[in-house]
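# Inside the fold
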Amino acid sequence: MVILTMSQVAPAQFVCQRAPESPNEITGSINVGDVQQAGRITCDGAASSCSSDGNTALEDGGARRRDAHNFQNPFNEQVCVRIEIDFTGCGGNQTQATAYSVFNPANPAAGVIGDIGFNTIGTGSFSFSVGPNAGFSIVVNEVVPGTGYPLYKFKVTYLRNCRQPGFDKTNDGRADLTVYRPSSISQWWTIDSATSDISLRDFGKVGDVMTGGSDYTGDGQSDLSVCRASDNTWYYATNQDTPGSNFVAQPWGLPSDRAVPGDFDGDGINDIATTNR
C-alpha cells in the first residue's frame, strides 16, 4: 500500500499551471534625473510567496531613484504572479524589487504585496497573489542613493489553477487523501477533502509504479498515472472518473530506469521522466 498524499500541506507549496500568456519580459535602466521615492523597504531575507505577504517595514526615508511598471491580471480569477529578476547588468550596484497593489512613491512601505526579500546584483525570484482582473505594480529601486543601473530585467509569469500538491481528485484546490494499492490489484482509494466521500478506481496492473498526483494533461486536475517497467510505458488517465477507458500510453525509458516525474520545463504540466541512476 502506498499513501499518495495527505490533505494537510503547507500552503506555500502550491503547484500551479503557467498561463500561455506568460512570461512578459521587461527591461529598463535607472539614470540621473529619474523620478524618486521616499525611501525603501527593509530586506528580511525571505522572498514572498503566493501564501505570504511582502515585507511592509520601511528601512529609511532617504530618496531613492526608481522605475514603476504597471500590470493588470488578465484573468477573471485569482492568480499567483511570479517575478524573476536579473540584475547582473546593473554594474555591480545593489538593486531591489517590490510588488504593490497600489504604489505610492511618498510611502513605499504601503500596499506591498510581494518582494524579493534581499538586495542583489544577481538574479532571484518571488511571487504574490493577485485578485481577478486586479492591477499591480513592480517597482525597481536603487539601494544606495545615486548609484543607478545601466540595465535590469525581469519576467512576469501568471500561474493559474493553483492547488496544494498531492492528489486533488475533486479539483477544488485541496489535496485529497489517497491510497494506491498495487499488490493484489492496482486500485486507487480517495477520500474527498470536502465531503469525506470515498471513491475507488481501478487503474494499472500489479507491479506498476505509481506516478500519479500531478497534472499530465494541463487541465489543472490531478491525474492517475503509473509507470510499467515490463513494457517501458507510462500510462496516465485523461478522465479521472473512467480512467480504465480514457488514458494515454507513452513509451519511455528502459526496464532498469527509475521513474522521476516532475515539471522540468516550468509550464505547470507534469513531464514523463526517468533516470538510470
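Provided above is the structure to which this section pertains.
In short, a report on the structure.

So, how was this worked out
- Residues numbered from 1 in each chain as written.
- Predicted model: local features only at pLDDT ≥ 70, side-chain atom pairs only at ≥ 80, totals over all residues.
- Heavy atoms only, no water.
- Helix = DSSP H or I, 4+ residues; strand = E, 2+ residues; numbered from the N terminus.
- Contact = heavy atoms within 4.5 Å.
- Areas by Shrake-Rupley, 256 points an atom, 1.4 Å probe, with all protein chains shown as cover.
- Salt bridge = Lys/Arg side-chain N within 4 Å of Asp/Glu carboxyl O.
- Buried < 20%, exposed > 50% of the residue type's maximum accessible area, 1.4 Å probe, protein only.
- Pairing = 2+ DSSP bridges.
- Axes fitted to C-alpha atoms, helices over the stretch in contact; angles between N-to-C directions.
- Core = buried A, V, L, I, M, F, W, Y, C linked by side-chain atoms within 4.5 Å.
- Polar contact = N/O pair within 3.5 Å; in protein donor to acceptor, adjacent residues only side chain to side chain.

Looking only at helices and strands, one finds zero helices and 20 strands in the protein. Residue pairs in contact within the protein that sit at least 24 positions apart in sequence constitute 64% of those at least 6 positions apart. Only carbon and sulfur atoms are counted for the fraction: they give 50% of the accessible area of the protein, which is about 12,900 Å².

As a further point, take the pattern of salt bridges. When the charged atoms of two side chains lie near each other, side chains of opposite charge can form a pair. This model, assessed by the stated rule, comprises five salt bridges. Across the pair Arg 64 and Asp 60 runs a salt bridge whose closest N-O atoms are separated by 2.8 Å. What makes Arg 64 buried here is its relative accessible area of 5%.

To continue, consider the sheet that holds strand S7 (residues 95-100). In spatial order, the strands read S4-S5-S10-S7-S8; together these five strands make up an open sheet with antiparallel pairing. Only two strands of the sheet have a single partner each, and these edge strands are strand S4 (36-41) and strand S8 (112-115). The mean angle between the axes of side-by-side strands here comes to 45 degrees, regardless of whether they run parallel or antiparallel. As defined by bridge partners, S7 adjoins S8 across three bridges and the pair is classed as antiparallel.

Attention now moves to the environment of Asp 223. By the element assignment, Asp 223 lies in the loop between strand S15 (209-210) and strand S16 (225-228). Assessed through its relative accessible area of 0%, Asp 223 is described here as buried. The spacing of Asp 223 and Pro 243 is 20 residues in sequence and 9.0 Å in space, taken between C-alpha atoms.

Ranked by internal contacts, the top residues of the largest apolar core, which has 26 residues, are Val 81, Ile 83, Phe 128, Phe 136, Phe 154 and Tyr 158. Elements represented by at least two residues in this core include exactly strand S3 (24-30), strand S6 (79-86), S7, strand S9 (123-130), strand S10 (135-142) and strand S11 (149-163). Sort the elements by how many residues they give to this core and S11 lands first, with five residues. Once residues lying within four places of it in the same chain are set aside, the contact partners of Phe 128 are Ser 49, Cys 50, Val 79, Cys 80, Val 81, Ile 83, Ala 99, Ile 113, Gly 114, Phe 136 and Ile 138. In this structure, Phe 203, Leu 224, Val 226 and Ala 237 belong to the second largest nonpolar core, which totals seven residues.

Before going further, it helps to examine the sheet that holds S15. The strand order across the open sheet formed by four strands is S15-S16-S17-S18, and the pairing between neighbours is antiparallel. One side of each edge strand has no neighbouring strand; the edge strands of this open sheet are S15 and strand S18 (247-251). Pairing of S16 with strand S17 (residues 233-237) involves four bridges; the strand directions are antiparallel. Bridged to Arg 228 within S17 is Thr 233.

Position of Gln 96 among the secondary structure elements: in strand S7. On the basis of relative accessible area, Gln 96 is assigned to the buried category, the value being 2%. Engagement of the side chain of Gln 96 in a polar contact is seen with the backbone oxygen of Ile 41, the distance being 3.0 Å. With residues near it in sequence (within four places) discarded, Gln 96 still touches Arg 40, Ile 41, Cys 43, Phe 87, Asn 119, Val 139, Val 140, Asn 141 and Val 143.

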